[in-house]
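Fold and contact review
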Amino acid sequence: MANKRHLKQTINYICEELFAECVAASLYGQNRESAEALIYSTIKMHNNYIRRISHPEPGMSAKAYYKDLREKFAAQASEIYDQIHNF
């Protein structure tokens, strides 16, 4: 498992890229309200996962917790990415 700092940096980088894509989609797309909803969901996802890194669930091994966290983050990020490109 990578350390927490590296995991936070990775999540920050991915969320920044998703945010930039959402802003570009809102500027060039016709459905501005959907783009704003995607921007909001990207920010919400970022805050949620950054907070979850510092506070692992009790009773769950650290390795399993962070593996589950990375898998869920990747799934949610790819879902937002797909929504951006289906504009």
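Residues numbered from 1 in each chain as written. Predicted model: local features only at pLDDT ≥ 70, side-chain atom pairs only at ≥ 80, totals over all residues. Heavy atoms only, no water.

Within the secondary structure, Arg52 is located in helix H2 (residues 32–54). Taking the C-alpha atoms as reference points, Arg52 and Tyr66, separated by 14 residues in sequence, lie 9.4 Å from one another. Discounting residues that sit within four places of it in the chain, Arg52 has contacts with Tyr65, Leu69 and Lys72. (Helix = DSSP H or I, 4+ residues; strand = E, 2+ residues; numbered from the N terminus. Contact = heavy atoms within 4.5 Å.)

Within this structure, the stated rule accounts for two aromatic pairs. Aromatic side chains Tyr49 and Phe73 sit 5.3 Å apart centroid to centroid with 75 degrees between the ring planes, which places their arrangement in the edge-to-face category. Here Tyr49 is found in helix H2, whereas its partner Phe73 is found in helix H3 (residues 62–85), with 24 residues between them in sequence. Accessibility classification places Tyr49 together with Phe73 in one group, the buried group. Between Tyr65 and Tyr66, the aromatic rings sit 5.2 Å apart at their centres with planes inclined by 75 degrees, giving edge-to-face as the arrangement. The pair formed by Tyr65 and Tyr66 is uniform in burial state, with each residue classed as buried. (Phe/Tyr/Trp six-rings, centres within 6.5 Å; stacked < 30°, edge-to-face > 60°. Buried < 20%, exposed > 50% of the residue type's maximum accessible area, 1.4 Å probe, protein only.)

Further remarks concern the state of the cysteines. Tallying each qualifying case throughout the model produces zero disulfides. Note on Cys22: no disulfide assigned, nearest cysteine sulfur contributed by Cys15 at a separation of 10.0 Å. (Disulfide = S-S within 2.5 Å.)

Once that is clear, we can look at the packing of H2 against H3. Describing two packed helices takes the angle between their axes plus the distance from one axis to the other. Direction vectors running N to C along H2 and H3 enclose 170 degrees, while the axes themselves pass 11 Å from each other. In this view, H2 runs roughly antiparallel relative to H3, as classed from their interaxial angle. Facing Leu38, Ser41, Thr42, Met45, Tyr49, Arg52 and Ile53 of H2, the residues of H3 in contact are Tyr65, Tyr66, Leu69, Lys72, Phe73, Gln76, Ala77, Ile80, Gln83 and Ile84. Classifying every residue of the contact of H2 with H3 by side-chain character gives eleven nonpolar, four polar and two charged. (Axes fitted to C-alpha atoms, helices over the stretch in contact; angles between N-to-C directions. Parallel < 35°, antiparallel > 145°, perpendicular 65-115°, else oblique. Nonpolar A, V, L, I, M, F, W, Y, C, P; charged D, E, K, R; others polar.)

Okay, the confidence of the model for the protein chain next. Looking at the protein chain, the pLDDT average stands at 90 and 98% of residues meet or exceed 70. Confidence, expressed as mean pLDDT per element, reaches its minimum in the protein chain at H2 with 91 and its maximum at H3 with 93. (pLDDT = per-residue confidence, 0-100.)

The subject of this paragraph is the nonpolar core. Within the largest apolar cluster, 19 residues are counted, with the highest numbers of intra-cluster contacts made by Ile11, Met45, Ile53, Leu69, Phe73 and Ile84. Looking at this core, the elements that each hand over two or more residues are helix H1 (4–28), H2 and H3. Considering each element in turn, this core owes the most residues, seven residues, to H3. Setting aside anything within four residues of it in sequence, one finds Leu69 in contact with Leu7, Tyr49, Arg52 and Ile53. (Core = buried A, V, L, I, M, F, W, Y, C linked by side-chain atoms within 4.5 Å.)

Attention shifts here to the side chain of Ser26. Note that Ser26 resides in helix H1. Its relative accessible area of 10% is what places Ser26 among the buried residues. Separated by 2.7 Å, the side chain of Ser26 and the backbone oxygen of Val23 make a polar contact. Setting aside anything within four residues of it in sequence, one finds Ser26 in contact with Arg32, Ala35 and Ile39. (Polar contact = N/O pair within 3.5 Å; in protein donor to acceptor, adjacent residues only side chain to side chain.)

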